[in-house]
Amino acid sequence: MADDLNSVFKSGAEVEISSNDNGFRGAWYAGTIIKSKNTKTNQQLIQVEYKTLMSDESGTKPLRETLNVVQLRPLPPREKRDRDFKFSEEVDAYYNDGWWEGVITGVLPGNRYSVFFRATREQLEFSGSELRLHREWFYGKWVPPLEQEAEATISIELNIRDNSKFIKGATVEVCSDEDGFYGAWFTATILEHLSNGSFKIEYKSLRNDDDTAFLTEVVDTNHIRPCPPKEKIEHFRLFEEVDALYNDGWWVGVVSKVLSRQRYEVFFRGTNEEIVFKQADLRRHLERINGKWLSSSVVCNSIRNSNSR
């Protein structure tokens, strides 16, 4: 794996970079690798130069940073120019000099689309040329790969048809956009389905300000989902995406080191932290798309199997 990384992230290579700075989290920016080095703890750090972010007010000096290797990825495959996007499809939108993950909430005339961003709770309009299909770089492969989109979408279904209904009393997971909580999912119970389509929920682990009761909130459909299916995972692999149980919620991270006795070091892009977790406090990271639970690792396994035939 280290040799593969060295071949991909070498000096001069063009990459995309995830930033941890406030106002930039959740976006990917184009850049170039300047050099790399290994620390005493065998951590690979890479110096990059951004192509669209500048370090001076005049905008003439490109910003340079030294980052953990898990904050980098190669450039994604290019989209077909005449590609049509569908309602509820996950996309990246080019906005403020970077690519931001969102979901299509409206297909408009003239090859235009409404895109909702969970990070900012904004809904903005984009042309098709400003969008690309959202992909994850996993185990050195793009998921889904450009030439196998249809096959990959079918193969990653977990045989779990999500027929869960958001009814009173149902246990769900809720994501928050507040500072310090963004990117995490918290378990909650539905108290009421409101007439405007939103839900009144009560968290199972978050308390109100005076600690007299569990916190209640009203959330919309973009911030609520059924609880992911429970899976028995024997072990997690290096650079696998996981959810870690931390501060009463599930936070998405990347396994940056596999330790002994079923312990793992997990890197969180949103905070630039690395924390050690035991196996019982981790779960495979799943995304719920079009009523199905999808996993990047299942995609990669299916691609490996098809390539070995």
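Small disclaimer: the values here were computed from a predicted structure and weren't measured.

Visitor: Just checking my understanding: could you explain the side chain of serine 198 for this structure?
Guide: Relative to the elements of secondary structure, serine 198 occurs in the loop between β15 (184-193) and β16 (199-207). Residue classification places serine 198 among the buried residues on the basis of a relative accessible area of 12%. Excluding residues within four positions of it along the chain, serine 198 makes contact with Glu192, His193, Val218, Val219 and Asp220.

Visitor: How do you make sense of the environment of leucine 53 when you look at a structure like this?
Guide: Of note, leucine 53 is situated in strand β3 (residues 44-54). In this structure leucine 53 comes out as buried when scored by relative accessible area, which is 11%. Sequence spacing of leucine 53 and alanine 30 is 23 residues, and the spatial spacing of their C-alpha atoms is 9.0 Å. Not counting residues up to four positions away in its chain, the partners in contact with leucine 53 are Phe24, Tyr29, Pro62 and Leu63.

Visitor: I'm lost on the confidence of the model for the protein in this one. Help?
Guide: If pLDDT is low for a region, its predicted coordinates should not be looked at in detail. Taken residue by residue, the protein gives an average pLDDT of 82. The fraction at 70 or more is 83%. Below a pLDDT of 50 lies the segment residues 148-163, which in the model reaches 32 contacts outside its immediate sequence neighbourhood of four places, other chains included. Contacts for the low-pLDDT stretch residues 298-309, under 50 throughout, to residues beyond four places or in other chains number 18 contacts.

Visitor: Where do I start with the nonpolar core in this structure?
Guide: Nonpolar side chains in soluble globular proteins tend to end up buried together. Of all hydrophobic cores here, the largest spans 28 residues; its most connected members are Ile33, Leu72 and Leu131. Of all the secondary structure elements, the ones that give two or more residues to this core are β1 (14-18), β2 (27-38), β3, β6 (90-95), β7 (98-108) and β8 (112-117). It is β3 that provides the largest number of residues to this core, a total of four residues. Here leucine 72 is in contact with Phe9, Glu16, Ile17, Trp28, Ile33, Ile46, Val48 and Leu67, once residues within four sequence places are set aside.

Calculation criteria
- Residues numbered from 1 in each chain as written.
- Predicted model: local features only at pLDDT ≥ 70, side-chain atom pairs only at ≥ 80, totals over all residues.
- Heavy atoms only, no water.
- Helix = DSSP H or I, 4+ residues; strand = E, 2+ residues; numbered from the N terminus.
- Buried < 20%, exposed > 50% of the residue type's maximum accessible area, 1.4 Å probe, protein only.
- Contact = heavy atoms within 4.5 Å.
- pLDDT = per-residue confidence, 0-100.
- Core = buried A, V, L, I, M, F, W, Y, C linked by side-chain atoms within 4.5 Å.

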